[in-house]
Amino acid sequence: MTTDIWAWVHDSHGRLVEAGHHRLATALAEIAGHAVEGRNEQLDAVFPEALASARALGLPWVEVFLRHWRLQNLLNKRHQGEAALAEAVSLLEYAHRPETEGCPQAVCAVQDFTICHANIDGPGYVPERLAVLEEALERVEPARACFDCLSREYADTLEDAGRPEQALAHLDRAQARILAAGEQVSLAFGHGRASALHRLGRHQEALEAYRVAELAQVAARRRLDEDDRRKLAVGRALQYAALGRREEALAQLPDLEEAESYADIRLRWAAAVELLAGARAYPNDPELGVRLAHWVGYLDAAGSHRPCLDLLLIAGRLAVARGAREVARTLVIAGQRKLSQLRSTAGVSGQLAALRSAVEALPLLELPVPVGELAQWLADHPAAANGERAADLLAVAHAADPHGGHLPALAGVLGGLGHARAAAGLLWEQLDLTPGDVPVADLLAATLIEARDGEGVRRLADRLAAGSPAEAHWVRARWAAAEGRWAEAAERCAAVLARDPSRPAPRRLGAAAATRLGDYPTAQRLYQELLALSDGVEDLHQETWPADLWHLVTVATVNRDWPVVREAGALLGLEFEEDEGPVDEDWQLVTVRAPRSDGTVAELSALRTGPATARILPVLGDDLPLNHHDVVVFGPAVQNPSPDEDGAEWRPAFDLLTLLDPAGYTTWWLDGAWPGTTTWTALREALADAGYGLWVHSGEGYLITDPDTPGGSLRGVYAAVGVPPLATAAEADAVLTTLTKGWPHPLSWPELAAAAGADQAPHLDVLRRYGL
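Criteria and cut-off values
- Residues numbered from 1 in each chain as written.
- Predicted model: local features only at pLDDT ≥ 70, side-chain atom pairs only at ≥ 80, totals over all residues.
- Heavy atoms only, no water.
- Helix = DSSP H or I, 4+ residues; strand = E, 2+ residues; numbered from the N terminus.
- Contact = heavy atoms within 4.5 Å.
- Salt bridge = Lys/Arg side-chain N within 4 Å of Asp/Glu carboxyl O.
- Buried < 20%, exposed > 50% of the residue type's maximum accessible area, 1.4 Å probe, protein only.
- Phe/Tyr/Trp six-rings, centres within 6.5 Å; stacked < 30°, edge-to-face > 60°.
- Lys NZ or Arg CZ within 6 Å of the ring centre and 35° of its normal.
- Pairing = 2+ DSSP bridges.
- Axes fitted to C-alpha atoms, helices over the stretch in contact; angles between N-to-C directions.

> What should I look at first to understand the side chain of Glu153 in this one?
Note that Glu153 resides in helix H8 (residues 145-160). The contact partners of Glu153, leaving out residues within four places of it in the chain, are Gln111, Thr114, Ile115, Ala118, Arg129 and Leu133.

> Please clarify how the pattern of salt bridges should be interpreted in this entry.
Close approach of charged atoms lets side chains of opposite charge pair. In total, this model carries 53 salt bridges according to the counting rule given. When the shortest N-O distance is used, the salt bridge between Arg39 and Glu37 registers 2.4 Å. A relative accessible area of 26% means that Arg39 is categorised as partly exposed. Of the charged contacts, one joins Glu214 and Arg236 as a salt bridge, the two residues approaching to 2.7 Å between their closest N and O atoms. Residue Glu214 is located in helix H11 (residues 203-219), and its partner Arg236 is located in helix H12 (residues 226-242); the two are separated by 22 residues in the primary sequence. Overall, the relative accessible area of 15% leaves Arg236 in the buried class. Each of Lys77, Asp227, Arg230, Lys231, Glu258 and Asp264 takes part in one network of salt bridges that share partners.

> Which parts of the structure should I look at to understand the packing of aromatic side chains?
The description of an aromatic ring pair rests on the distance of the ring centres and on the angle between the ring planes. Applying the stated criterion across every chain yields a total of eleven aromatic pairs. Seen in terms of ring centroids, Trp6 and Trp69 are 6.1 Å apart; in terms of plane orientation they differ by 35 degrees. Their pairing is tilted. In this pair, Trp6 is assigned in helix H1 (residues 5-18) and Trp69 in helix H4 (residues 60-77), connecting sequence segments 63 residues apart. Judged by relative accessible area, which is 41%, Trp6 ranks as partly exposed. Here Trp69 falls in the buried class, since its relative accessible area comes to 11%. Among the aromatic residues, those joined into a ring-pair cluster are Trp6, Trp8, Trp61, Phe65 and Trp69. One cation-aromatic arrangement involves Arg230 over Tyr262; the distance from NZ or CZ to the ring centre is 3.4 Å. The cationic tip of Arg266 hangs over the ring face of Tyr298; the distance from NZ or CZ to the ring centre is 5.4 Å.

> Looking at this structure, I do not really get the sheet that holds strand E4 (residues 631-634). What am I missing?
Hydrogen bonds along the backbone pair up the strands of a sheet, which may run parallel or antiparallel. Spatially, E1-E2-E3-E4-E5 is the arrangement adopted by the five strands of the closed barrel, whose pairing is mixed. Neighbour to neighbour, the strand axes of the sheet diverge by 55 degrees on average, direction disregarded. Bridge count between E4 and strand E5 (residues 653-661): four bridges; the pairing is antiparallel. Looking across to E5, one finds that Phe634 is bridged to Leu656.

Put into structure tokens, the structure is as follows:
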């Protein structure tokens, strides 16, 4: 098999563009970058449509490519295990069908399959992983990129088998074959070598492996991206920490928020931090414990059992070092459950036993007051009892008085510390003791939802259905909302309200669901009913009242119910220029955040024209459903709180809700040399007088060829002109031709010229001469 994957991608992209399938072509070109660089939202946005298009067009090779790179993201960046297993198995089967076996990406399905099993239990699946990798490597030539990937995966499997020396030897042989084929090994090859050396305790050599790998990339003129730098940094931090070189380790260690954002570096980050904390070079505080607990829970839900247990052991040892007995004990219990999910417990069962012994050796805290007074004491001494200390005290109190009602409080504390699954277990225990306790059931539902425990949610709802059907519907409504199933959430909320119309929370969630579904009349009705309850419901939280009013203003704006907008606005202290009619005023400049078709978010300048409306200012391309002078409705929540009290220079940002009044502008693109600020301003103002829009999309760094100076360059400008709805392309071409006549460096607009039926030759000549 010799087909070059990237040559195939290039050719396929060109064919799709020629056939008019531009969105699929773009997805084909960009999905691998989204996958390996951790642009998860963009990938999730483009993948479903791209896959559906590939299937509709009968392009099985494209389907293999798309599905492989999505799996690479799920397995490597998001560290999924059993959560991705069905797709990994399905793709492996699909990639070996007659219509796909010739696809150059098909063999990569083997790598996806083995990585998935490595995430589930690497050591437990060593024989199967080695077998499929050996068969695949026999079919792949060393000159192909796939040989590099599969060779690294084979070495990783040998490491999981406890054979790091053999892993190094395998990497050496593979590298020699790759070099002999005239290719270079990837940067990831250096990571594989460093990993094996780390297992052997040869940390200085691991650092050298990173150095050599990075220099090879630079010598080959391959640009290191942020993902490369992040992984090199965390790898080096771990080696420096293992060598006791604390300052160098801290200099390399990515900050906590970066580890929070990228699941693929968390295990190495935590391993480095454990070493640094042991040397008192990194704070081992409850905040660290909370982050690690959340990461453990993430891997648990993803079905990545072995990495979950590895991280859990680190978190447990750090908890013991902090003296957080109940947190450490909770981790031991979770570890025992994870151990039962492994095929092979070699190397981890002993560590878990040691952790259990260390937890049992920690002393129990003495209660500061009699057990019946502990709850009040904790409420009176928040500074003296942080979350972990409160957990220890409540655990002692429960052991002393099992029927004293301490379990809900302990569950709440553990949930706040990131141990949602353990908290749910305690609440189940309490619910068994007090079956009709609605507050406990409500807290259990919230905890199960936070833990993403769908089976637990269904179990609770089924349990409640007989005696309290409204509560059962409410549990299911919250779970549906958490999963984005808004139609079901709305239906369940309606069922709750049919049984108990006085409840505010289901009405609030029902209104939010209706808004998500675009059912704005229903949303308005529910918000108005909710506000009407405020006079008679004492427990309606006062702090929710302004938010509910803002939501009412927003949906009433979509419904063009201007009397309600004005009435609710007045309750919020807003003043209007007119007493009636549509609200269309000049308030302030804002930013409207709107999703692009590729999943990224555009931040658009807009003029706020009312409490929930804004007029878009830029001229935009077809990657956004908006354009110049469109009036939109935005959500009420400010996405960027003011950095200071007076808010000077601050422009509030809001999320787009929906388009209210489209202005009907059409976008055409201009390209060429920047004429200078004065000339450009005159062009913009002249176009505005004629009803057109103009917006620059390039920056000062955009340079084009100077045709009059060999090797010289000029500052360029790439801009969009917005043509009003009643103007034709021919009229727009004529206006631009007149306004730019006599410029020393002409602009080019070939697409507009073509649409206008004008001569494209001058525009194409500008493209050629200026290197546009």
